[in-house]
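Letter by letter, the chains look like this.
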Amino acid sequence: MLYTALIFGLISSLHCVGMCGPIALMLPVDRNNEAKRVLQILTYHFGRLLAYASLGLLFGILGKGFFLAGMQQQLSIAVGVLMIIVAIVPEKEFAKYNFSKPIYKVISKVKSSLGQQFKKKSFQSLFTIGLLNGYLPCGMVYVALFGALAMNSVQTGILYMILFGIGTIPLMSLVVYISNLLTVSFRSKLQKIIPIIAICIGVLFIMRGLGLSIPYISPSTLDLFVQSEANCH
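A quick note: this is a predicted structure, and the numbers were derived from the prediction, not measured. (Residues numbered from 1 in each chain as written. Predicted model: local features only at pLDDT ≥ 70, side-chain atom pairs only at ≥ 80, totals over all residues. Heavy atoms only, no water.)

### A few points about the overall build of the protein chain
Inference 1: Each helix and strand counted, the protein chain has twelve helices and zero strands in total.
Inference 2: In sequence order, the protein chain lays out its α and β elements as α-α-α-α-α-α-α-α-α-α-α-α.
Inference 3: Out of the 233 residues in the protein chain, the part that is buried amounts to 44%.
Inference 4: Contacts in the protein chain between residues far apart in sequence, at least 24 positions, make up 80% of those at least 6 positions apart. (Helix = DSSP H or I, 4+ residues; strand = E, 2+ residues; numbered from the N terminus. Buried < 20%, exposed > 50% of the residue type's maximum accessible area, 1.4 Å probe, protein only. Contact = heavy atoms within 4.5 Å.)

Below, the structure written as structure tokens:
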């Protein structure tokens, strides 16, 4: 199921362009030295990947706990259902409940620190911007975290989030160069693809949990157990 992380990262980057695109456009990169600009952009992405990896570590630990409790298949089905719900329900509906309210102060500090980093032009500031950007609330990251939670080991939880982050790199890097082509109407058309992909991935997680004996897609219950045991050693 790790391949779904990379696919979802590639597709969800269409959403990232709309949400985090302004951050990419404001990056304090060197516009005259192409080689340096590429290194600066990669430094920014390295910060994001580190943030995603740390989140993958946390959710991988939680997922490992579910596996040890013998709830791996049930968790996979629940994760698939949650992915589909997030894809179907409009974002404005989730906004009504303000799930991030309990950590609002922390998020405010992250945003404040992020703003300060844009005033600098060092590699350290670009790394910090990427790191803080990775911790900002994002619906697509939440969906990816559901996937990391359904993994059966801490290592695969981390890898799932890293692959998701890698999937977002191409388009998030391209936005720095083709910002004039990313009109609102163009982004809105692209974002219509995202719910379809999220639903397909959700269905894959549900099928995985059902153990239908379909190779690579829905292994049997015994195969899942053997794979999980192998990851533990």
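Once the structure has been displayed, the description carries forward.
### Looking at the pattern of salt bridges
Inference 1: Following the criterion strictly, the structure yields one salt bridge and no others.
Inference 2: Between E34 and R37 there is a salt bridge whose closest N-O contact spans 2.7 Å. With E34 and R37 both in helix α3 (residues 34-68), this residue pair falls three residues apart, about one helical turn.
Inference 3: The exposure class assigned to R37 is buried, which follows from its relative accessible area of 11%. (Salt bridge = Lys/Arg side-chain N within 4 Å of Asp/Glu carboxyl O.)

### Comments concerning the packing of aromatic side chains
Inference 1: Taken as a whole, this structure holds four aromatic pairs when the rule is applied.
Inference 2: For the pair F8 and F164, a centre-to-centre distance of 5.9 Å together with 25° between the ring planes defines the contact as stacked. On the criterion of sequence distance, the pair formed by F8 in helix α1 (residues 2-19) and F164 in helix α9 (residues 154-174) is long-range, its members being 156 residues apart. In terms of burial, F8 and F164 fall into one category: buried.
Inference 3: Each residue in the set F8, Y52 and F164 is aromatic and connected to the rest through ring pairs, giving one cluster. (Phe/Tyr/Trp six-rings, centres within 6.5 Å; stacked < 30°, edge-to-face > 60°.)

### Structural notes on the environment of L114
Inference 1: Locating L114 in the fold gives a position in helix α6 (residues 104-117).
Inference 2: Overall, L114 belongs to the buried group, its relative accessible area being 6%.

### Digging into the side chain of T168
Inference 1: Structurally, T168 is set in helix α9.
Inference 2: Look at T168 and you get buried, because its relative accessible area is 0%.

### With respect to the nonpolar core
Inference 1: Counting 31 residues, the largest nonpolar core has M83, V141, M161, F164 and F205 as its most contacted members.
Inference 2: Here the element with the most residues in this core is helix α8 (residues 139-149); it accounts for eight residues.
Inference 3: With residues near it in sequence (within four places) discarded, F205 still touches M1, T4, S76, I77, V79, G80, M83, G147, A150, M151 and Y160.
Inference 4: Formed by eleven residues, the second largest nonpolar core is a distinct cluster that contains V29, I41, L114 and L136. (Core = buried A, V, L, I, M, F, W, Y, C linked by side-chain atoms within 4.5 Å.)

### Overview of a nonpolar patch on the surface
Inference 1: Together, V38, L39, L42 and F123 make up an exposed nonpolar region whose accessible area comes to about 350 Å².
Inference 2: Top contributing element to the nonpolar patch by residue count: α3, with three residues. (Patch = residues over 30% accessible without salt bridge, like charges linked within 9 Å, V, L, I, M, F, W, Y side chains within 5 Å. Areas by Shrake-Rupley, 256 points an atom, 1.4 Å probe, with all protein chains shown as cover.)

### Thoughts on α3
Inference 1: Across its 35 residues, α3 extends 50 Å between first and last C-alpha, which sits within 8% of the 51 Å expected from 1.5 Å per residue.
Inference 2: One side-chain oxygen of the residue at the start of α3 lies 3.2 Å from the amide nitrogen of A35, identifying that residue as N33.
Inference 3: Immediately downstream of α3, the backbone of G70 shows phi near 75°, a positive value. (Expected span 1.5 Å × (residues − 1). Polar contact = N/O pair within 3.5 Å; in protein donor to acceptor, adjacent residues only side chain to side chain.)

### Thoughts on the side chain of T43
Inference 1: If you trace the backbone, T43 turns up in helix α3.
Inference 2: Of note is the side chain of T43, whose polar atom sits 2.8 Å from the backbone oxygen of L39.

### Observations regarding the packing of α3 against α9
To describe two helices that pack against each other, one gives the angle between their axes and the distance between the axes.
Inference 1: Contact pair α3 / α9: the axes reach a minimum separation of 7 Å and the direction vectors enclose 150°. Between α3 and α9, the angle is such that the two are roughly antiparallel. For the pair α3 and α9, the crossing hand works out as right-handed. For the pair α3 and α9, contact is made by I41, Y44, H45, R48, L49, Y52, A53, G56, L57, G60, I61 and K64 and by V154, G157, I158, M161, I162, F164, G165, I166, T168, I169, M172 and S173, respectively.
Inference 2: A per-class count over the contact of α3 with α9 returns 15 nonpolar, seven polar and two charged. (Axes fitted to C-alpha atoms, helices over the stretch in contact; angles between N-to-C directions. Parallel < 35°, antiparallel > 145°, perpendicular 65-115°, else oblique. Left-handed = near helix turned anticlockwise from the far one by under 90°. Nonpolar A, V, L, I, M, F, W, Y, C, P; charged D, E, K, R; others polar.)

### Focus on the confidence of the model for the protein chain
Inference 1: In the predicted model, the protein chain carries a mean pLDDT of 77, and the fraction of residues at 70 or more is 70%.
Inference 2: For the stretch residues 222-233, pLDDT sits under 50, and the model shows 14 contacts to residues farther than four places along the chain or on other chains. (pLDDT = per-residue confidence, 0-100.)

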